[in-house]
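Reading the structure
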Amino acid sequence: MVFHAVESVGVRNGLVTGEPGSGKSACLEAIGLGLAASGCWHVFFGDGDPDGGSSPVLNDVADWAESGPDGVLAQLGAVEAALEVRSLLKSTLTEAPAVGGALVPITDPATQSPARKLLPTRSCPV
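Since the structure is predicted, the reported quantities are computational estimates derived from the model, not experimental observations.

**Some words on the confidence of the model for the protein chain**
- On average, residues of the protein chain score 89 in pLDDT, and 99% of them are at 70 or above.
- When mean pLDDT is compared element by element in the protein chain, strand 4 (residues 64–67) scores highest at 95, while strand 2 (residues 10–11) scores lowest at 84.

**So, a nonpolar patch on the surface**
- Taken together, the side chains of Val6, Val11 and Leu119 define a hydrophobic patch exposed on the protein surface, amounting to about 190 Å² of accessible area.
- Counting through the fold element by element, Val11 comes out in strand 2.
- The exposure class assigned to Val11 is partly exposed, which follows from its relative accessible area of 38%.

**A few points about the pairing of strand 4**
- Of the strand pairs in this sheet, strand 3 (residues 44–47) and strand 4 are connected by 4 bridges, and their pairing is parallel. Paired with Asp47 across the bridge in strand 4 is Ser67.
- The handedness of the strand 3 to strand 4 crossover, carried by helix 2 (residues 56–61), is right-handed.

**Details of helix 1 (residues 24–38)**
- Taking 1.5 Å of rise per residue, the 15 residues of helix 1 would be expected to cover 21 Å, and the 21 Å separating its terminal C-alpha atoms lies within 8% of that figure.
- Buried within helix 1 we find Cys27, Glu29, Ile31, Gly32 and Leu35.
- At its buried positions, helix 1 is contacted by helix 2.
- The first or second residue beyond helix 1 is Gly39, which carries a positive phi of 75°.

**So, the nonpolar core**
- In terms of nonpolar packing, the biggest core is built from 10 residues, these being Ala5, Cys27, Ile31, Leu35, Cys40, Trp41, Val43, Phe45, Leu58 and Ala62.
- Per-element tally for this core: the top contributor is helix 1, with 3 residues.
- The residues contacting Cys27, other than those within four sequence positions of it, are Met1 and Val16.

**Some words on the side chain of Thr94**
- Structurally, Thr94 can be placed in strand 5 (residues 93–96).
- Here Thr94 falls in the buried class, since its relative accessible area comes to 6%.
- Aside from chain neighbours lying at most four places away, what touches Thr94 is Ala102, Leu103, Val104, Pro105, Ile106, Gln112, Ser113 and Ala115.

**Quick notes on the packing of aromatic side chains**
- Evaluation of the coordinates by the stated rule reveals 1 aromatic pair.
- Aromatic side chains Phe44 and Trp64 sit 5.1 Å apart centroid to centroid with 70° between the ring planes, which places their arrangement in the edge-to-face category. In this pair, Phe44 sits in strand 3 while Trp64 sits in strand 4, placing the two residues 20 residues apart along the sequence.
- Classification of Phe44 as partly exposed rests on a relative accessible area of 38%.
- Note on Trp64: relative accessible area 25%, which makes it partly exposed.

What counts and what doesn't
- Residues numbered from 1 in each chain as written.
- Predicted model: local features only at pLDDT ≥ 70, side-chain atom pairs only at ≥ 80, totals over all residues.
- Heavy atoms only, no water.
- pLDDT = per-residue confidence, 0-100.
- Helix = DSSP H or I, 4+ residues; strand = E, 2+ residues; numbered from the N terminus.
- Patch = residues over 30% accessible without salt bridge, like charges linked within 9 Å, V, L, I, M, F, W, Y side chains within 5 Å.
- Areas by Shrake-Rupley, 256 points an atom, 1.4 Å probe, with all protein chains shown as cover.
- Salt bridge = Lys/Arg side-chain N within 4 Å of Asp/Glu carboxyl O.
- Buried < 20%, exposed > 50% of the residue type's maximum accessible area, 1.4 Å probe, protein only.
- Pairing = 2+ DSSP bridges.
- Right-handed = clockwise from strand over helix to strand, strands pointing away.
- Expected span 1.5 Å × (residues − 1).
- Contact = heavy atoms within 4.5 Å.
- Core = buried A, V, L, I, M, F, W, Y, C linked by side-chain atoms within 4.5 Å.
- Phe/Tyr/Trp six-rings, centres within 6.5 Å; stacked < 30°, edge-to-face > 60°.

Below, the structure written as structure tokens:
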């Protein structure tokens with residue numbers, strides 16, 4: 001399987017499904033380990049197993065691991081709040097061609113457009 005977390009159009013979503021024993025957890029572990037190692041991502045792991053036993057690897061690697069419905073719902077609430085903040089932040093930044101397209105604060109709203117996307121970097125992980 002190939003998973004592209006980010007492409008030129010921005011951050012991508014993914015879904016892993018399958019029968020018991022088909023390798024879903026191993027797939028998610030590989031993705032989680034890669035994202036965590038990049039230093040550009042925050043890794044959340046929401047385990048549907050109330051005892052948190054689906055992936056000890058992701059429990060160790062994740063920036064925030066939760067188990068059971070209440071824990072996973074708490075994560076979803078935090079993601080919604082983060083998306084609101086991200087939206088507010090994007091409107092204050094613009095791309096700076098002189099520095100390789102890096103995002104910088106808007107200093108002249110009459111000539112600078114807000115950023116269309118906010119990609120993960122080591123200085124601003126998502």
